[in-house]
Amino acid sequence: MAAPKKYPDELRARAVRLYRESDPKPVIRRLAEQLGVHHEALRNWIRQDEADRGERDDRPTTSESEELRRLRRENAELKRANEILKAASAFFASELDPTRRRS
């Protein structure tokens, strides 16, 4: 289970909007101090927003990250199911083995 978010989504959206709408662009560290958030958190929020808008190619968009998480969970579930089926197959194959002596 994921850890709870330290900052609410409304604060994140407001912080990014303030940064984007400011002209000239404020210093991220100073804006973060004014908003009461860590400067690296604000920097990451801005980078993610830029990726979501197609302005950056160096990180996946939010929807791509969500899809990747979903696919990884599905892949893990399929691997578990495959292991169960392999074990069941081996069990039934040994039960049906004609060379095995029964007592």
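Rules used throughout
- Just so you know, the residues in each chain are numbered from 1, in the order the chain's sequence is written.
- It should be noted that, the model being predicted, local features are given only for residues of pLDDT at least 70 and side-chain atom pairs only at 80 or more, the latter also being counted only at that level, while totals for whole chains, interfaces and linings use all residues.
- Here the side-chain values reflect all heavy atoms present in the structure, with hydrogen atoms and water set aside.
- Per residue, pLDDT captures the predictor's confidence, and it can take any value from 0 to 100.
- Secondary structure elements follow DSSP: runs of H or I no shorter than four residues count as helices, runs of E no shorter than two count as strands, and numbering proceeds from the N terminus.
- Buried Ala, Val, Leu, Ile, Met, Phe, Trp, Tyr and Cys residues that are joined via side-chain atoms within 4.5 Å together make up what is termed a nonpolar core.
- Throughout this description, buried means an accessible area under 20% of the type-specific maximum (1.4 Å probe, protein chains only), exposed means over 50%, and partly exposed covers the range between.
- In protein, a polar contact means a hydrogen-donor-capable atom and an acceptor-capable atom, both N or O and within 3.5 Å, with residues adjacent in sequence counting only if both atoms are side-chain atoms; elsewhere, any N or O pair within 3.5 Å suffices.
- Note on definitions: salt bridges are taken to be side-chain nitrogens of Lys or Arg within 4 Å of carboxyl oxygens of Asp or Glu.

Per an unreviewed UniProt entry, the protein chain goes by the name Transposase and belongs to Saccharothrix coeruleofusca.

Trainee: What is the right way to read the confidence of the model for the protein chain from this model?
Mentor: Parts of the prediction with low pLDDT should not have their coordinates interpreted in detail. In the predicted model, the protein chain carries a mean pLDDT of 91, and 94% of its residues have values of at least 70. Looking over the protein chain, one finds the lowest element-wise mean pLDDT in helix α1 (residues 9-21), namely 94, and the highest in helix α3 (residues 39-52), namely 96.

Trainee: Hey, could you run me through the nonpolar core in this one?
Mentor: Note on soluble globular proteins: their nonpolar side chains tend to be buried together. Ranked by internal contacts, the top residues of the largest apolar core, which has 14 residues, are Tyr7, Val37, Leu42 and Trp45. Within the residue set of this core, elements represented by two or more residues are α1, α2 (28-35) and α3.

Trainee: Would you explain the environment of Glu40 in this entry?
Mentor: Relative to the elements of secondary structure, Glu40 occurs in helix α3. Note on Glu40: relative accessible area 34%, which makes it partly exposed. Glu40 sits 12 residues away from Ile28 along the chain, and the two C-alpha atoms are 8.6 Å apart. Of note is the side chain of Glu40, whose polar atom sits 3.2 Å from the side chain of Arg43.

Trainee: Explain the pattern of salt bridges here, please?
Mentor: Pairing is possible between side chains of opposite charge, provided their charged atoms come close. Tallying each qualifying case throughout the model produces nine salt bridges. Ionic pairing is found between Glu55 and Arg20, a salt bridge with its closest N-O pair at 2.8 Å. Here the residue Glu55 occupies a position in the loop between α3 and α4 (62-95), and Arg20 occupies one in helix α1, the gap between them amounting to 35 residues. Overall, the relative accessible area of 47% leaves Glu55 in the partly exposed class. The salt bridge involving Arg70 is made with Glu74; its shortest N-O contact spans 3.3 Å. Separated by four residues within a single helix, Arg70 and Glu74 lie in helix α4, roughly one turn from each other. Residue Arg70 is classed as partly exposed on the basis of its relative accessible area, which comes to 41%. Linked by salt bridges that have partners in common, Arg20, Asp49, Arg53 and Glu55 make up one network.

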